[in-house]
Amino acid sequence: MSVFTPEQEKTLVGWTTRYPYSNMGLVEALRSVQEWKRCVTPEAASRVADIFQLPFNRVWSVATFFPTFTTKPTGRHRVGLCHGLSCWMAGSDKMEKCLEETFGTKPFETTSDGKFSWEPMECLGACEQGPALLVNERLQGQATNDKIAALKELK
Amino acid sequence: MTKIVTKHFDEPKLHELETYRRLGGYQGLAKALTMDRAAVVAEVEKSNLRGLGGAGFPTAAKWKTLPGEDKIPGPRYVVVNADESEPGCFKDRVLMARAPHQLIEGLLIAAHAIGAKETFLFVRGEYQNQYDILEQALAEADAAGYTKHASIKLMRGAGAYISGLDTALLETMEGKKAWPRQPPPFPTVAGLMGKPTVVNNVETLSMLPFIVREGGEAFAKIGSAKNGGTVVFSISGHVEKPGVYEVPMGTALRDVLALAGGVRGGKKLKCVIPGGTSMPPLLEKDLDLKLDFDAIRAAGTFLGAGGMIVLDETVDTVAVAHNIQRFLTHESCGQCTPCREGSYWNEEILERMLDEKGTAEDLANLTRVGENITGKVICALGDTVGVVTRAYMSKFPDDFKKRVPSNG
Ligand SMILES: Cc1cc2nc3c(=O)[nH]c(=O)nc-3n(C[C@H](O)[C@H](O)[C@H](O)COP(=O)(O)O)c2cc1C
Ligand code: SF4
Ligand code: FES
């Protein structure tokens, strides 16, 4: 069975032609893979390497370098809580506990239904709203008990 | 106080083309396109604009290191650095979300000035909301014909702080892991895909429409000597009103803090990080310091990217140094041994001290590790690992001594 759907293959090929050099689309292509599969497996990286006509090792070195890419699936909703200096001063420790209790998981673990995972993240560029909360790469302002409880309602 | 890039921030629809144009938007670009390239560069040179992404390098001087088409024919590029990931910095986020057209206009002016037909805007992946706003603004700019002489393409990052360093940014854009390059050659000579490339910060480029419209001299006059115009501080930590504040270059630290409402809850100030957590802190005695690149440097630290964090008297600076070092350890690209290993050692020692398990040698070890990193590594992240903990140690010796057993 192929790793990607025909639609997904088309998107990946699209990244090879988006910029003046095909390699310039690689990080975006891996971002797409991460979004679809919630991780980048060696099989997926291998197919991306074929599409980009690059050695597997080149693609794998990129896939394993950047924090956005994971080798095991994240939750469908990937939640980040900043523990940078401003957010730590604003009580990120407490909000980490709240996330742990709300989802019943440790950082980087995915709930058994595959819906959620959470992780501490480095500065999210929202230091005036610390501790900053991020859901699927979208900033959500300051993390509060109520806001975290409401995440459970996400589909 | 004079404002330039945040001047119209009370306009709710500033992000839309119509509003931006009503307020004089794209007049700078129109004017630039009637000037020849050298005249635009000359205007920017007169303005004393300095790079606001961290290094403070004079913008026109950087542009002038780009070899002419006679020396290196073929494409040349402008890359917007919107990776903003230094702890304490969030001004680029606000500038992109509130005034995306101002950035686009500035970028198009820069493209004209250096003769680039293609430009790229690299945004950190965690700014997806802001990316959407930029994409929308770009569609408007395309439809209005502003991108006829130079195209703009968006690209997103993948969560690495080091991607914000210019040469690592270029590696990321080329589809490689973000290992900084060892210059020379500098990006203006051999940048993206080996082509001459100017990398500029969001805020730097956002200043250009004003400079071209009003003239370089008008911009220079707003700032201090050799530091033209304004700077946008993003202020967080123990202040009453955290947020972004634009002030003329050379404004006293005391006045900047007053804009943010001063130290929260009437507490006493312990220190102020002036430009993001890589920059050593300033103290109460520095409150009259006039903040520009050169004055802050003379005071032993850096303006950086204006990410100001205010710490009150309750803060333990050993825990602060540990938080900063933990970040640097996580973000070290691992290419140079002193940075990779030294980061790990520093973090381990600081952690031990916090856990009440400090040893008598720990302070000497922190000093020794630091001394063996700075100047022996490829990039400024490693240099920071070498100096930042030592800066807290020398400014707050009591906090550190408390954490280790005295040798009697
Ligand atoms: C570790 C590190 C991270 C950096 N991150 C950024 C960043 O996120 N955004 C930025 O504009 N500059 C960043 N810089 C500075 C860039 O290398 C470069 O100097 C800047 O983008 C040039 O633009 P400017 O001249 O307009 O300031 C970083 C530097 C270092 C050492
Ligand atoms: S100093 Fe550190 S971050 Fe910079 S290139 Fe070397 S290992 Fe990488
Ligand atoms: S320190 Fe948390 S968002 Fe910047």
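## A few points about the packing of aromatic side chains
Argument step 1. A complete count under the given rule lists twelve aromatic pairs over all chains for this structure.
Argument step 2. For the ring pair Phe4(A) and Trp36(A), a centre distance of 5.8 Å and an interplane angle of 70° mean the geometry is edge-to-face. One end of the pair, Phe4(A), is in the segment before helix H1 (6–17); the other, Trp36(A), is in helix H2 (residues 26–37), with 32 residues separating them in the sequence.
Argument step 3. For Phe4(A), a relative accessible area of 3% translates into the label buried.
Argument step 4. Look at Trp36(A) and you get partly exposed, because its relative accessible area is 26%.
Argument step 5. Taking the ring centre of Phe9(B) as reference, the NZ or CZ of Arg98(B) above it sits at 5.2 Å.
Argument step 6. The positively charged end of Arg124(B) is found above the aromatic ring belonging to Tyr127(B), 5.4 Å away from the centroid.

## Remarks on the pattern of salt bridges
Any two side chains of opposite charge can pair, so long as their charged atoms come close to each other.
Argument step 1. Scanning all chains against the criterion turns up 31 salt bridges over all chains.
Argument step 2. Across the salt bridge formed by Glu126(B) and Arg124(B), the nearest N and O atoms sit 3.0 Å from each other. Each member of the pair, Glu126(B) as well as Arg124(B), carries the same accessibility label: buried.
Argument step 3. In this structure, Asp362(B) engages Arg352(B) in a salt bridge whose closest nitrogen and oxygen atoms are separated by 2.5 Å. Of this pair, Asp362(B) sits in helix H16 (residues 362–371) while Arg352(B) sits in helix H15 (residues 337–354); the two residues are ten residues apart in sequence, bridging distant segments of the chain.
Argument step 4. Residue classification places Arg352(B) among the partly exposed positions, given a relative accessible area of 26%.
Argument step 5. Each of Glu28(A), Arg31(A), Glu137(A) and Arg156(B) takes part in one network of salt bridges that share partners.

## A word on the sheet that holds strand E2 (residues 118–123) of chain B
Residue and element names in this part refer to chain B.
Argument step 1. Read from one edge to the other, the open sheet built from four strands follows the order E3-E2-E1-E4, with strand pairing classed as parallel. The sheet is open, and its two borders are formed by strand E3 (151–156) and strand E4 (197–201), each paired with just one other strand. Recorded for the sheet is a direction-independent mean angle of 20° between the axes of neighbouring strands.
Argument step 2. Direction of pairing for E2 relative to E3: parallel, over a ladder of six bridges. By the bridge assignment, Val123 is partnered in E3 with Arg156.
Argument step 3. Against the sheet, helix H6 (residues 100–114) touches strand E1 (77–82), E2, E3 and E4, its axis set at about 150° to E1.

## Notes on the sheet that holds strand E2 (residues 116–121) of chain A
All names here are of chain A.
Argument step 1. Spatially, the four strands line up as an open sheet ordered E2-E1-E3-E4, and their pairing is mixed. Of all strands in the sheet, those bounded by a partner on one side alone are E2 and strand E4 (138–142). Shown here is a sheet whose adjacent strand axes are inclined to one another by a mean of 25°, direction ignored.
Argument step 2. Pairing between strand E1 (residues 77–82) and E2: six bridges, direction parallel. Each residue of the ladder has a partner; that of Val79, found in E2, is Trp118.

What counts, and where the lines are drawn
Residues numbered from 1 in each chain as written. Chains lettered and ligands numbered in written order. Predicted model: local features only at pLDDT ≥ 70, side-chain atom pairs only at ≥ 80, totals over all residues. Heavy atoms only, no water. Phe/Tyr/Trp six-rings, centres within 6.5 Å; stacked < 30°, edge-to-face > 60°. Helix = DSSP H or I, 4+ residues; strand = E, 2+ residues; numbered from the N terminus. Buried < 20%, exposed > 50% of the residue type's maximum accessible area, 1.4 Å probe, protein only. Lys NZ or Arg CZ within 6 Å of the ring centre and 35° of its normal. Salt bridge = Lys/Arg side-chain N within 4 Å of Asp/Glu carboxyl O. Pairing = 2+ DSSP bridges. Axes fitted to C-alpha atoms, helices over the stretch in contact; angles between N-to-C directions. Contact = heavy atoms within 4.5 Å.

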